[in-house]
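# Fold and contact review
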Amino acid sequence: VFQGIMYYFRREKVCPRYQFTLKDPVDPALLQQALDAALEAAPYYRVRLVWEKRKAFLEPNSEPCLVYPDSVMREMPEQTNGYFFALHCAQNTVYFDWFHFLTDGRGIAPFMTMVLQFYCNLRYGTAFEGQTLETDPAYDIEDILAKYPESQVANDMQRPVVQTFEETPTCCRIRLEKAGLVDAALRCGVKPFSTLTALLCKAVRAYLDKDEVLYSYSTDARDALGAPNALYNCVASFQRKLPLTADAPLAEVAVGVDADLKENLSAERKLFRIAEQMGWVYRVYQQKASLSIKKRIFQMGEYISGFPADFWVSYLGDPFAPSSPELTRYIEDFQTWVPADGASIGLECTSLHGIITLCVKNKVPRPGFAEALRAAFEAEGIKVLEAAELGADNT
């Protein structure tokens, strides 16, 4: 429970959505059978939360886990029989929603993949083999904090905090050819993700008209924690402040982004960052206070700590775990939508069929971000297949 408890303390729930479009209309009854079979092989997800005084724990959930024949996101766990995820379908589309409290994107991927594989077995007569999904033991935050005591510094009440926009989110979607981004990365001599982040910085700078952009990005810390099969949250997030001029060459920006990324991908940096971001969570969790008071304390401390950013970016890449080229034959499209938690703009990026899709939730009360992204990509010769403003977030 502790590994995800920060998402329970936050003011608003962080509930991502994975959205698959299949070749044919979805059969809800077959999808229900697939979900039931997957839950039998993945007991980690068949749980409910129990609060006992000031502590919380997960226990098996005996209630039915239902497939909902619509696309409406429900309150989890209040409207989902205690489950921290929900499966929906409408026309050709399957929606996986989950509360970040239980897991992260990498943690939900193997379960989501198995549900789709079982569905294809029933719908198309494929022969995908399921496997039992067991999670690695939870990491010990006390051990990590003891290893990195210097990570725990007092919050500076005078520290300047980035002011984020907090308007009603709107959504936009960008699709680009992956080959073009890879070519641009090769020209810059850096990783494609570094090039992507550099281009996002240039687009956000133009859109917000700022000479300095503060961005954050998430990394998977399972390797550093020695828990490669962890299904719980293992996200270590990093921030970087980037002064930027309008005519800064992409290669110059990308090299700096790449150097920062490589430094933070080391196991030592990830563990230190886990200690930094979870130390405050641990102190709040240990307080002898009600949940409502803990939430207020947590909100104040997280804001003062300098968490907010202009934008955050997460690159999921291939949404399937393990990667399944055979399964992609039945999948026409994939999108993932995540609230812009702690930032003005949130971007989640995935790759399927040679196309990179950027799903954006934007709390800035002005239009034009999709076109700012298009301009940034096309300036580097990257073909943009779609740059769409989709309107208000209605999930």
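My aim in this report is to walk through the structure given alongside it, one point at a time. Because the structure is a prediction, the values reported are computed rather than measured.

So, how was this worked out
Residues numbered from 1 in each chain as written. Predicted model: local features only at pLDDT ≥ 70, side-chain atom pairs only at ≥ 80, totals over all residues. Heavy atoms only, no water. Pairing = 2+ DSSP bridges. Helix = DSSP H or I, 4+ residues; strand = E, 2+ residues; numbered from the N terminus. Core = buried A, V, L, I, M, F, W, Y, C linked by side-chain atoms within 4.5 Å. Buried < 20%, exposed > 50% of the residue type's maximum accessible area, 1.4 Å probe, protein only. Contact = heavy atoms within 4.5 Å. Axes fitted to C-alpha atoms, helices over the stretch in contact; angles between N-to-C directions.

Next up on the list: the pairing of strand β2 (residues 47-52). The sheet contact formed by β2 and strand β3 (residues 55-60) spans 6 bridges and is antiparallel. Counted as the bridge partner of R48 is E59 from β3. In sequence, β2 turns back onto β3 through a hairpin of 2 residues, with K53 there showing a positive phi of about 60°.

Looking now at the nonpolar core. Formed by 137 residues in total, the largest nonpolar core has its most connected members in F20, Y45, F111, F311, L358, F369 and F377. Contact partners of F369, with chain neighbours within four places excluded, come to C172, V204, Y207, I345, L347, V360, N362 and E389.

A few words on the sheet that holds strand β7 (residues 170-177). The strand order across the open sheet formed by 7 strands is β9-β8-β10-β12-β13-β7-β14, and the pairing between neighbours is mixed. Two strands lie at the open edges of the sheet, namely β9 (235-243) and β14 (384-392), each paired on one side alone. Sheet twist, expressed as the average angle between the axes of neighbouring strands with direction ignored, equals 20°. Alignment of strand β8 (residues 212-220) against strand β10 (residues 309-317), held across 3 bridges, turns out to be parallel. Across the sheet, residue Y217 finds its bridge partner in β10, namely V313. Its contacts with the sheet place helix α6 (residues 192-208) against β8, β9, β10, β12 (343-352) and β13 (355-362), and it is angled at close to 150° to β10. Contacts from helix α12 (residues 369-378) reach β7, β12, β13 and β14 within the one sheet, and its direction differs from that of β14 by about 165°.

A few words now on the sheet that holds strand β5 (residues 85-90). Pairing within the open sheet is mixed, and its 5 strands lie in the order β4-β5-β6-β1-β11. Two strands bound the open sheet, and with one partner strand each, they are β4 (67-68) and β11 (331-337). Summarising the sheet, β5 and strand β6 (residues 93-98) pair through 6 bridges and their orientation is antiparallel. Residue A86 lies in a different strand from β6, and its bridge partner there is D97. Across the sheet, helix α3 (residues 105-124) touches β1 (17-22), β5, β6 and β11, and the angle it forms with β1 is around 25°.

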